[in-house]
2 protein chains.
Amino acid sequence: MFFRKDVMNKKIYIVGMGPGSEEAMTREALKALEESDIIIGYTVYLDLLKAGFGHKEMKSTPMKQEVERCRMCFDEAEQGKTVSMVSSGDAGIYGMASIMYEISLEYDSDIELQVIPGITAASSGAAILGAPLNHDFCIISLSDLLTPWEKIEKRLKSAAEGDFAIAIYNPSSKKRADYLMKACDILLETMEEDRPCGYVKNIGREGTEYRICTLAELRDAQVDMFTTCFIGNSQTKIIDNKLVTPRGYGL
Amino acid sequence: MFFRKDVMNKKIYIVGMGPGSEEAMTREALKALEESDIIIGYTVYLDLLKAGFGHKEMKSTPMKQEVERCRMCFDEAEQGKTVSMVSSGDAGIYGMASIMYEISLEYDSDIELQVIPGITAASSGAAILGAPLNHDFCIISLSDLLTPWEKIEKRLKSAAEGDFAIAIYNPSSKKRADYLMKACDILLETMEEDRPCGYVKNIGREGTEYRICTLAELRDAQVDMFTTCFIGNSQTKIIDNKLVTPRGYGL
């Protein structure tokens, strides 16, 4: 019995769900969930999985208790269960992957972690808008919950200086209603007002909508925490109401 | 007959295949291929699809004839076929999406384009290395085939200045054997020599291998055009031979 426990494969998958529906998940991600004894994640994401994986044990912790949720994964794995920790988008892009590795140091070293990548909002949002990220680009989150605002400001300036296309995550929340405006004002210091931009709400879920606009218009756009914003580079153009950043074939 | 042709839905899917295997494709991407009458792409990618989609008509053009390959898609769509144009990774990230929109201007406006996102090498490579892109990051291609080297250099400098984590695509080719060295030298002007880095070869295909190293070691690494490189930000650490960029929970 003790021997069996020793050799038992203790495994945690850290799974990126993509924008939400099972349609946008990879086969590999679906397999990991199917192979798991328990699925752990934020309740909103677990709800999205109930249609296909309702037969699985599911566990959650309240919002903002991410660290406790991670420890829950290790606690379950230590009991011999195969665990999937789910994040929306890609678990390795503003998701739980890094925290899981940090917390792994508190636990037995025989628990294996495997990250299964998913479609992040930069990819899924870009696909809806056309091809805004078809050359070098940056992703910047405007959430200053875990990052000082000065650092975010510096990154916006550097991104503009490097003429990167930019995807902006977490552009707004109730407490940070004016953050997108502040970010656009920083970009407008060096970018022209009519720089082609766009934003997408509720990517891959009910009520998906997008808009193509200028940087000046993006500054005043009504966005929420389910919106991803895109700012073109100096070569980005609008073709048939889509945002297109050329790769450079000189067409 | 003419009427039927007029109302016929002329559709081109621009499909991101992810790193290579069907396992890493989304259900949505697999559905688009299944729905298509013809699949067009670079021969290497078509070969990867032959196991699952060998019953489909497939067409290609030689390497470097990307623009002709795009026109081929529109020519087939004009004849009423549903077409899938496949790219590895994400079609909207250094893929064919933007060129397809640019070329669409030469054709009938009733051909509908839809981009289906895929897992780009930044996501799939990061998953193998741990969680190197778990905070704001940039993707920069070192290929100067379509981009002046001065612009690439400027972007590397801006990315370092903004303390972004960085994913580097196309770090080398036969003609550009020393480009990764040149890029690392630029980063080393402001980053410390022992900045945690890593690289992955043949992501998601046979012979996948990865290495965690310092920036000074990355400078001298033997990489090829199937390698993706990752450079940590100032907070990135190595945990159990994985590259981890904290999201900032202060663990």
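Residues numbered from 1 in each chain as written. Chains lettered and ligands numbered in written order. Predicted model: local features only at pLDDT ≥ 70, side-chain atom pairs only at ≥ 80, totals over all residues. Heavy atoms only, no water.

Student: Sorry, what's going on with the relation of the copies chain A and chain B here?
Tutor: To go from the first copy of the chain to the second, apply a rotation about an axis and then a shift along the same axis. Overlaying chain A on chain B yields an RMSD of 0.0 Å, the required transformation being a rotation through 180 degrees with an accompanying axial translation of 0.0 Å. Taken together, the turn and the small shift mark the pair as related by a two-fold rotation axis. The residues that chain A uses at the interface reappear at the interface of chain B in 100% of cases, marking a shared surface. (Least-squares fit on C-alpha atoms with pLDDT ≥ 70 in both. Contact = heavy atoms within 4.5 Å.)

Student: Sorry, what's going on with the interface of chain A and chain B here?
Tutor: The accessible area lost on association of the parts is a frequent measure of interface size. With 68 residues of chain A in contact, the opposing surface of chain B contributes 68 residues. Roughly 6200 Å² of surface becomes buried between chain A and chain B when both sides are summed, with 56% attributable to carbon and sulfur atoms. Counting the contacts that link chain A with chain B gives 12 salt bridges. A:Lys31 serves as the salt-bridge partner of B:Glu23, at 3.0 Å between the closest nitrogen and oxygen. In this structure, the connection of chain A to chain B is made through 43 residue pairs in polar contact (both at pLDDT 80 or more). Top contributing element to the side of chain A that touches chain B by residue count: helix α5 (residues 97-104) of chain A, with 7 residues. Tallied by class, residues from the side of chain A that touches chain B come to 31 nonpolar, 19 polar and 18 charged. Pairing of strand β7 (residues 137-141) of chain A with strand β7 (residues 137-141) of chain B, which is carried by 3 bridges, proceeds in the antiparallel orientation. (Buried area = accessible area lost by both parts, 1.4 Å probe. Salt bridge = Lys/Arg side-chain N within 4 Å of Asp/Glu carboxyl O. Polar contact = N/O pair within 3.5 Å; in protein donor to acceptor, adjacent residues only side chain to side chain. Helix = DSSP H or I, 4+ residues; strand = E, 2+ residues; numbered from the N terminus. Nonpolar A, V, L, I, M, F, W, Y, C, P; charged D, E, K, R; others polar. Pairing = 2+ DSSP bridges.)

Student: What is the right way to look at the sheet that holds strand β6 (residues 130-131) of chain A in this model?
Tutor: Either a parallel or an antiparallel arrangement is found when strands of a sheet pair, and the pairing is made through backbone hydrogen bonds. All names here are of chain A. A sheet is described by the order of its strands in space; here 3 strands give the open sequence β6-β13-β12, paired in mixed fashion. Sheet topology places β6 and β12 (237-239) at the edges, where each strand pairs with a single neighbour. For β12 and strand β13 (residues 242-244), the ladder comprises 3 bridges, and the chain directions are antiparallel. The residue bridging Lys 237 from the neighbouring strand is Val 244, located in β13.

Student: Hey, could you run me through the packing of helix α4 (residues 66-78) of chain A against α5(A) in this one?
Tutor: Packed helices, taken two at a time, are described by their axes: the angle between them and the distance between them. Residue and element names in this part refer to chain A. It is the contact of α4 with α5, at a shortest axis distance of 10 Å, that shows an interaxial angle of 60 degrees. Taken together, the axes of α4 and α5 lie oblique to each other. Note on packing geometry: the crossing formed by α4 with α5 is right-handed. Mapping the contact onto sequence places Val 67, Cys 70, Arg 71, Cys 73 and Phe 74 in α4 and Ile 99, Met 100, Ile 103 and Ser 104 in α5. Residues belonging to the contact of α4 with α5 are distributed by class as follows: 7 nonpolar, 1 polar and 1 charged. (Axes fitted to C-alpha atoms, helices over the stretch in contact; angles between N-to-C directions. Parallel < 35°, antiparallel > 145°, perpendicular 65-115°, else oblique. Left-handed = near helix turned anticlockwise from the far one by under 90°.)

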